[in-house]
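Here is how the chains run, residue by residue.
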Amino acid sequence: MNFEIQKRTLLSVTRDEFDGLIILWPAAALPESAAMDPISRLLCGACKNGDFELKPNSTLALYSHPDIKARHVVVVCSADNSPGAVRAAIQAAWLCLKSFKIKHLGIHVAGDCASPSIQTALVSLADASYIYATTLSQPKLRSLKQVQVSLASVQADAVDCVVYAQALVSGIEVAKEWANRPANHATPTQLAQAAQSIATGRSFKCDVLGPKEVAKLGMGAFMAVAQGASEPLRFIVMRYNGTDAAQAPVVLVGKGITFDTGGISIKPAPEMDEMKYDMSGAASVLGVFKALGEIRPSINVVGLIPATENMPDGQAVKPGDVVTSMSGQTIEILNTDAEGRLVLCDALTYAERFKPKAVIDIATLTGACVIALGAVRSGLFSSDDPLADEIYQAGETAGDTCWRMPLDDDYAEGLKSKFADVANVAGRAAGSVTAAKFLQRFAKSFAWAHLDIAGTAWRSGAAKGATGRPVGLLLQYLVSAANTTPQQTTKTKTKAKRKVA
Ligand code: BES
Ligand code: MN
Ligand code: ZN
């Protein structure tokens, strides 16, 4: 999909041959009967006749109107044109259009609209029009190719917002694609190939370690999870260098369980298919790197993905087994279904070698987080207040929100073990917090945050599908961090190219 922005009047937009045209109409802008353009006049009439009310998300659809060149037109009330209101309005308008074959879409914003709302309009349109196709023999393909946003007055930063939205959407769609793929089409090996192709396409580094290298590193916790699977594990290391090599990188660690059966502590059958989504953290890291390659912010970022299946098997790790993690800490694996923290703890130890500015892990870690926060906000855990604030704020800005959870040491009581330095599970209470407390033991030497995306990474039921979250939050965090860190040398600055839509 390609995005564009133009300064246009509503009248001139009615003369463009779009397949579809969405008019975002703020509630406070009353349409005039004497207006130059046919849409204002129509709307005015509809309001007067009581057939239309400027209430948030109410829509008025037109077809083949003689005075309007676009075939399908939807006027939608976008309340105050705030990002949240625009998102809801675009969703409502797309419901009217989605059954038609729309290749070229116009979005005209009547009235003033700040650039973040334009970005939101494009990102939510992409979200609403996304169609998964990979494993269907006769897929319904997305027809939408070109989206042209127009306003009567375009703010100076609007073009940047559109370029950003385009990169963000391509990142979100990489994340959705990999998360949605069934586990037999998204094996650790295939995830590693995806990482490599994202990296080579944008000339950044990607190393893939296999079982031998991982054994050599002493990643005993990661290996314990993988030992029941016949698909070989992969440890993926991606490096995006947007500034001086001397600048400490941000490290993103994505949980990459390509299927979570629970292992010997096997999960119940209902909805177990959804555990193909247990690599959504990894998918979000791939998505962020895809977007970084397009906007090229001046920051260094490392992506780490421990990828494996969690399977029951004659070789599988058993409840009660004690393993030695890369950090040297021994772990009593009381529940093989608490595997995410086992693969993540070794990746966190591996992250130390980058002397990172911050490490953020992203994981579909606990069912308890779904109970705590539902599908609205991701769980945010951090030992570092400034980092937590930046991540929280990035979520608010991006409309990809999270909520900070506690990390009091008292929550770690239940992780005590008689047979190892730590157990991998505590009781049922505060399950998302005790999982984070486990990870925190491996994140002592850097500023660390953990995002539990178990509730937000995918939707269940009729609308089942990956959301692409939290790519929006992470990219916003990285771009803000790039803008607030002391500037890089001019040499690297000129290297940072921007791709314009
Ligand atoms: N991948 C799951 C967490 C999960 C469950 C995410 C359901 C989304 C929906 C994770 O590996 C897991 O199984 N966690 C256990 C931990 C427990 C054994 C302490 C859980 O949440 O039940
Ligand atoms: Mn599990
Ligand atoms: Zn899991």
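Because the structure is a prediction, the values reported are computed rather than measured.

Calculation notes
- Residues numbered from 1 in each chain as written.
- Chains lettered and ligands numbered in written order.
- Predicted model: local features only at pLDDT ≥ 70, side-chain atom pairs only at ≥ 80, totals over all residues.
- Heavy atoms only, no water.
- Phe/Tyr/Trp six-rings, centres within 6.5 Å; stacked < 30°, edge-to-face > 60°.
- Helix = DSSP H or I, 4+ residues; strand = E, 2+ residues; numbered from the N terminus.
- Buried < 20%, exposed > 50% of the residue type's maximum accessible area, 1.4 Å probe, protein only.
- Lys NZ or Arg CZ within 6 Å of the ring centre and 35° of its normal.
- Expected span 1.5 Å × (residues − 1).
- Contact = heavy atoms within 4.5 Å.

A. Structural view of the packing of aromatic side chains. The final tally for this structure, using the stated rule, is 8 aromatic pairs. Between F204 and Y240, the ring centres sit 5.9 Å apart and the planes meet at 90°, which makes this aromatic pair edge-to-face. Highlighted residues: F204 in the loop between helix 6 (188–201) and strand 7 (205–209) and Y240 in strand 8 (residues 234–241), separated in sequence by 36 residues. Note on accessibility: F204 and Y240 belong to one class, buried. Among the aromatic side chains, those forming a connected cluster through ring pairs are F222, F235, Y350 and F354. The ring of W178 carries R181 above its face, with NZ or CZ at 4.0 Å from the centroid.

B. Spotlight on helix 9 (residues 280–295). With 16 residues, helix 9 should reach 22 Å at 1.5 Å per residue; the first-to-last C-alpha distance of 22 Å fits that figure. With 15 of 16 residues buried, helix 9 lies mostly within the body of the structure.

C. Examining the environment of L439 more closely. With respect to the secondary-structure elements, L439 resides in helix 13 (residues 431–440). Assessed through its relative accessible area of 0%, L439 is described here as buried. Spatially, the C-alpha atoms of L439 and D346 are 9.6 Å apart, while their sequence positions differ by 93 residues. Excluding residues within four positions of it along the chain, L439 makes contact with R341, L344, C345, L348, D361, L365, W448 and H450.

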